[in-house]
Amino acid sequence: MKLSETLSRLPPAIRERLEAEPLIAARLKEGRSLTQTLSDADWAREWAARADRASVETLRRIVAAYAATPFEAEKPERELASEGGLTGAEIRVALVRLRQAGIVFAVRKLWGETLLYVPADTAALWQQLLLPVQSRPLGAQEEREVRADPREFRLPLSLELLAAWSGIRRHGLPITAKGVPHKAAAARIASEMRLSEADLAPIAFALPQASVCPLPLSLALDLGLHFGVLVRRPDGFAVTEAEGAPAGWAERTPAEADRELLEAAVCRYAAQHAPLYGAAAALRALAPLRWHRESDVIAQMPDQARGGFQAWIGLMSAWGWMERGRWQAEPVFRWNINAALPSLSPPGPENGPSGEPERICVLPDLEIMVPPGVTLGCRWRLEEIAEPVTADVVSAYRLTKAGCVAASRRGYGLASLTAALEELSDGPLPDSVRSTLADWFRTIGRLSLASAVLLRVRDEELADRIAADPEAVGALAERLGTTAFIVRPEAMDDLTRRLNELGYPVNVDPDGASALLGGGREDKAGGTGGRKTSGTAGGNRKSKADDAFPSVRPEAGWACRRYDLAVYEPDPLLPGRSELFPGWDGVPKTWLQKPASYHPSTKRKLIELAIAWRTALRVGNEGHLTFVPERLEGAEESWRVRGRIIRRDEVSSAAPDASGGAVALTAEECRELMIVLPSDL
């Protein structure tokens, strides 16, 4: 779950408590939102500089071990305390402090178990701050010696998705009664993409199985729904268009869209698998277009993240965002896009020296050249009016008569198509292109077929009465001859009711048409003008069902979610001292204040309590050691305790045993004892 969704679900009491934290309150007074504050790198650095050692170290271990995946509240002290340096009690208290700081959040399952997590879009920030990867890229001379892998060119993911979404717009994507895409339609649209099932193997766990839907198409559906480009309706998937382009994507170049897609991929897919997320977060620290040795980067990554390294760079290469090669027989790689975290590297101009998007070039031979900096909105409109020829760094389209026929069906006439091309190229069309288009459109768009709901009337006199009725005429789209009308489909019920009121009950012809598809509006050149919202296989005109089935919740998408934290309620309670240390109220305060001598039986009780609380003991008074007891052995007054020393002020007579670093202390060696609890709880 991302930070914004997490904060939107917080009960008012928790949110108020967060906003009262001094570091957060200071930034809120400057006009920043809570989401902006908790995802800000400067705030994170300041918190890390001020926080206690145990809290910072606990967060470091959590991010390294669990990344953005949820974990049980008891898991860190059980699994991470053994790494040394921290006690279970310190980790327990640190988790409370991390929740108070707005870094770790909690949800409660129905049966009372608490799950903790770091939001998917902030875990990477904490990993880069606390577990940085500082790989030195190859030098200029060394980079000239790199031999890139001789693989076929890979389109960036933004253009792969555009091809799939364009296929859904052209052909529709109907679904079965079980809610899955029809196999034939799904296979046809998946074939528009160059991605294979093997390319997507690293994130196959997050997508419906290939038997349900081809993995490349599942990816396109999930991201399309997430970004609002696609909408799911009762009969299938359709494209939601705005100004002739995918909603919200018109002005983005592929480079800008790919940066946003990377953020979504990390949060939606990698966040479900700790090794994959750890690798993704670590690699985003590397500058684009600079070659790095794989061995150098792996050596600096958290242990668990190393397990996801090869899978993630393989996926990034398949999506055209990364390139692999060899330097002196060593495997190397580099980013082809700016993969930096937004909080650490705010987006800037990505389109070239001027920061302005590039334009298409319409050639006299009807070829259209598309440079890499052309916006997705421009490419989307080209898909409407031209046929793709090649997809490469510079792509090519061609104007054809068949393409113009398809454009006519989507609402283009000669004037609107010419205007669109001149707008996209920012200049007049070559004369040869103008004359060819004019020649083609002499026959295109002159005829149209439409199914319609007809009202047939037995005589002309009654037809005239109906046409003169103010209520009935509003339900009529067009009069055909003297005794027939085309009825507006959405007004059938109103017309039937009105005709009954006039005394003319309506007979329904079961063999008649039941839907009006329409042939478009004529523009000044005689073609069909205007634009329609893309539909599914049943047609392109928007129906009443569109309003009944708006875009699905973006977080749901089409992906499978291992951890759907949204189904659980946020945990409104922070554990207090008595919950963190059961029985604390009844413990003699002298046990917690300074080391003192006790009877062997009392010493044993102190040790048993320290073991139960998973905390440390201070052994000795002047020169002392801090000892974490783990197991008590022996009889009531002749016993010894095994554990580990985490701090030592002077050399102790306690000797490590064969377990390496662990020690065993006898009752005599435990002269003065004190239970050590985290301070400032």
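Everything numeric in this text was worked out from a predicted model, so none of it was measured. (Residues numbered from 1 in each chain as written. Predicted model: local features only at pLDDT ≥ 70, side-chain atom pairs only at ≥ 80, totals over all residues. Heavy atoms only, no water.)

In strand E19 (residues 484–487), alternate side chains face the same way, and those of Ala-484 and Ile-486 on one face and Phe-485 and Val-487 on the other are all buried. Hairpin remark: strand E18 (residues 476–480) followed by E19, antiparallel, with 3 residues in the connecting loop; positive phi at Gly-481, about 65 degrees. (Buried < 20%, exposed > 50% of the residue type's maximum accessible area, 1.4 Å probe, protein only. Helix = DSSP H or I, 4+ residues; strand = E, 2+ residues; numbered from the N terminus. Pairing = 2+ DSSP bridges.)

Once that is clear, we can look at the nonpolar core. Among the nonpolar cores identified, the biggest contains 123 residues, and Trp-126, Leu-219, Tyr-277, Leu-283, Trp-312, Trp-319 and Trp-335 are the most heavily contacted of them. Considering every element that reaches this core, the biggest residue donor is helix H15 (residues 274–283), with 8 residues. Setting aside residues no more than four positions away along its own chain, Trp-126 makes contact with Trp-43, Ala-44, Trp-47, Leu-59, Val-63, Ile-103, Val-118 and Leu-131. In this structure, Val-93, Leu-580, Val-619 and Cys-670 belong to the second largest nonpolar core, which totals 27 residues. (Core = buried A, V, L, I, M, F, W, Y, C linked by side-chain atoms within 4.5 Å. Contact = heavy atoms within 4.5 Å.)

Within the fold, Phe-71 resides in strand E1 (residues 71–72). Given a relative accessible area of 1%, Phe-71 falls into the buried group. Expressed as a C-alpha distance, the spacing of Phe-71 and Tyr-117, which sit 46 residues apart in the sequence, is 6.4 Å. Apart from residues no more than four positions distant in its own chain, Phe-71 is found in contact with Ile-62, Tyr-66, Pro-76, Thr-114, Leu-115, Leu-116 and Tyr-117.

This next bit is on unusual backbone geometry. With glycine set apart, most residues show a phi of negative sign, and most peptide bonds adopt trans. Residues other than glycine seldom take positive phi values, yet Leu-289 does so here, at roughly 65 degrees. Within the secondary structure, Leu-289 is located in the loop between H15 and strand E10 (292–293). You will see that Arg-614, though not glycine, has its phi angle at about 55 degrees, which is positive. Relative to the assigned elements, Arg-614 resides in the loop between helix H29 (600–613) and strand E24 (616–619).

So, on to the pairing of strand E7 (residues 236–239). Relative to E7, strand E5 (residues 173–174) is paired through 2 bridges, and the arrangement is antiparallel. Along E7, the bridge assignment pairs Pro-174 with Gly-236. Two strands pair when backbone bridges link them, and strand E6 (residues 230–233) and E7 are joined in this way by 4 bridges, in the antiparallel orientation. For Arg-232, the partnering residue across the bridge sits in E7 and is Phe-237.

A separate point is the sheet that holds E6. If you trace the 3 strands from one edge of the open sheet to the other, you get E5-E7-E6, paired in antiparallel fashion. Each of the sheet's edge strands pairs with one partner strand only, and the pair in question is E5 and E6.

Glancing now at the sheet that holds strand E17 (residues 453–456). The 3 strands are arranged E17-E19-E18 in an open sheet whose pairing can be described as antiparallel. This sheet does not close on itself; its edge strands, each paired only once, are E17 and E18. On average, each strand axis in the sheet is tilted by 30 degrees relative to the strand beside it, whichever way the strands run. Sheet topology places E17 next to E19; 4 bridges connect them, and they run antiparallel. Paired with Val-453 across the two strands is Val-487, which belongs to E19. (Axes fitted to C-alpha atoms, helices over the stretch in contact; angles between N-to-C directions.)

Attention now moves to the pattern of salt bridges. Pairing between side chains of opposite charge can happen when the charged atoms of each approach one another. Going through the model one piece at a time under the given rule, you end up with 43 salt bridges. For Arg-45, the salt bridge identified is with Asp-42, shortest N-O distance 3.1 Å. You can see Arg-45 and its partner Asp-42 sitting in helix H5 (residues 41–50), 3 residues apart, about one turn around the helix. Between Arg-252 and Glu-260 there is a salt bridge whose closest N-O contact spans 2.8 Å. Taken together, the shared-partner salt bridges in this structure form one network comprising Glu-142, Arg-293, Asp-296 and Glu-330. (Salt bridge = Lys/Arg side-chain N within 4 Å of Asp/Glu carboxyl O.)

With that settled, the discussion passes to the confidence of the model for the protein chain. Interpretation of the predicted coordinates at a detailed level should be avoided for regions scoring low in pLDDT. Of all residues in the protein chain, 87% attain a pLDDT of 70 or more, and the chain-wide mean is 84. Below a pLDDT of 50 lies the segment residues 349–354, which in the model reaches 9 contacts outside its immediate sequence neighbourhood of four places, other chains included. Overall, residues 511–554 carries pLDDT values under 50, and its contacts beyond four positions in sequence, including any with other chains, amount to 105 contacts. (pLDDT = per-residue confidence, 0-100.)

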